[in-house]
Amino acid sequence: MFSLFVQDAWKVLLYSLVLGAGLPIVFALGVRSLALGSGVPGGSADGDTAVRPAQHPLGTVLAAICFLVVIAGVVVGLTYVIAAGKGEQLSFSHVYPTIVPKS
């Protein structure tokens, strides 16, 4: 009985880390990649901006991918909540999630 509890507790911990903390981490990586991609000007406090980091287009692409993953996660989460509120369920039998009646 205790082993079943431990197995289920690990599943809950894994899902909470992936869904609970995973999306904010991906969002933070997207913000960091966007800063890397933009090449924010550096320099001293008196307005000297002679030293500028190079722009990295790869950072902008990675930021876009991270933001798309976060948006997709939010949309799937909202779809799940809406489906549950209507008394239906979310099905992943197709490529995209669909709302189907409970069977």
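Residues numbered from 1 in each chain as written. Predicted model: local features only at pLDDT ≥ 70, side-chain atom pairs only at ≥ 80, totals over all residues. Heavy atoms only, no water.

The residue Thr98 is located in strand E2 (residues 98-101) in this model. Setting aside its immediate chain neighbours within four residues, Thr98 contacts Gln89, Leu90 and Ser91. (Helix = DSSP H or I, 4+ residues; strand = E, 2+ residues; numbered from the N terminus. Contact = heavy atoms within 4.5 Å.)

Our next topic: helix H2 (residues 57-85). Between its first and last C-alpha, H2 extends 42 Å over 29 residues, near the 42 Å set by a 1.5 Å rise per residue. Along H2, the positions that sit buried rather than exposed are Gly59, Ala63, Cys66, Val70, Thr79 and Ala83. Looking at the buried positions of H2, the neighbouring elements they touch are helix H1 (2-38), strand E1 (88-91) and E2. (Expected span 1.5 Å × (residues − 1). Buried < 20%, exposed > 50% of the residue type's maximum accessible area, 1.4 Å probe, protein only.)

Moving on to the confidence of the model for the protein. If pLDDT is low for a region, its predicted coordinates should not be looked at in detail. Per-chain confidence: the protein averages 82 in pLDDT, with 85% of residues scoring 70 or above. The spread of mean pLDDT over the elements of the protein runs between H1, the lowest at 83, and H2, the highest at 91. (pLDDT = per-residue confidence, 0-100.)

Another point: a nonpolar patch on the surface. There is a patch of nonpolar side chains on the surface, built from Leu58, Val61, Leu62, Ile65 and Val69 and spanning about 440 Å² of accessible area. Relative to the assigned elements, Leu62 resides in helix H2. (Patch = residues over 30% accessible without salt bridge, like charges linked within 9 Å, V, L, I, M, F, W, Y side chains within 5 Å. Areas by Shrake-Rupley, 256 points an atom, 1.4 Å probe, with all protein chains shown as cover. Salt bridge = Lys/Arg side-chain N within 4 Å of Asp/Glu carboxyl O.)

With that settled, consider the pairing of E2. The two faces of the sheet receive side chains in turn, since in a regular strand these alternate between them. As paired elements, E1 and E2 share four bridges and run antiparallel to each other. From the neighbouring strand, Gln89 faces E2, where its bridge partner is Val100. (Pairing = 2+ DSSP bridges.)

Right, let's get into the packing of H1 against H2. Where H1 contacts H2, the axes come no closer than 7 Å and their chain directions differ by 155 degrees. Between H1 and H2, the crossing angle belongs to the class labelled roughly antiparallel. Viewed along their axes, H1 and H2 form a crossing whose handedness is left-handed. Between H1, through Leu23, Val26, Phe27, Leu29, Gly30, Val31, Ser33, Leu34 and Gly37, and H2, the contact on the second element is made entirely by Gly59, Thr60, Leu62, Ala63, Cys66, Phe67, Val69, Val70, Gly73 and Val74. (Axes fitted to C-alpha atoms, helices over the stretch in contact; angles between N-to-C directions. Parallel < 35°, antiparallel > 145°, perpendicular 65-115°, else oblique. Left-handed = near helix turned anticlockwise from the far one by under 90°.)

Moving on, we get to the packing of aromatic side chains. Under the counting rule described, the total for this entry stands at one aromatic pair. Between the aromatic rings of Phe27 and Phe67, the centroid separation amounts to 5.5 Å while the plane-to-plane angle is 45 degrees, which identifies the pairing as tilted. Residue Phe27 is located in helix H1, and its partner Phe67 is located in helix H2; the two are separated by 40 residues in the primary sequence. On the basis of relative accessible area, Phe27 is assigned to the partly exposed category, the value being 43%. (Phe/Tyr/Trp six-rings, centres within 6.5 Å; stacked < 30°, edge-to-face > 60°.)

Among the structural elements, Ser33 can be located in helix H1. Ser33 has contacts with Gly59, Thr60, Leu62 and Ala63, leaving out every residue within four places of it along the chain.

Across its 37 residues, H1 extends 52 Å between first and last C-alpha, which sits within 8% of the 54 Å expected from 1.5 Å per residue. Where H1 bends most, at Gly22, the angle is about 45 degrees, and the proline Pro24 comes one to four residues later. Every buried residue belonging to H1 is among Gly22, Gly30, Ser33 and Gly37, and all of these are buried. Against H2 lie the buried residues of H1. (Bend = angle between axes of the 7 residues up to and from the residue.)

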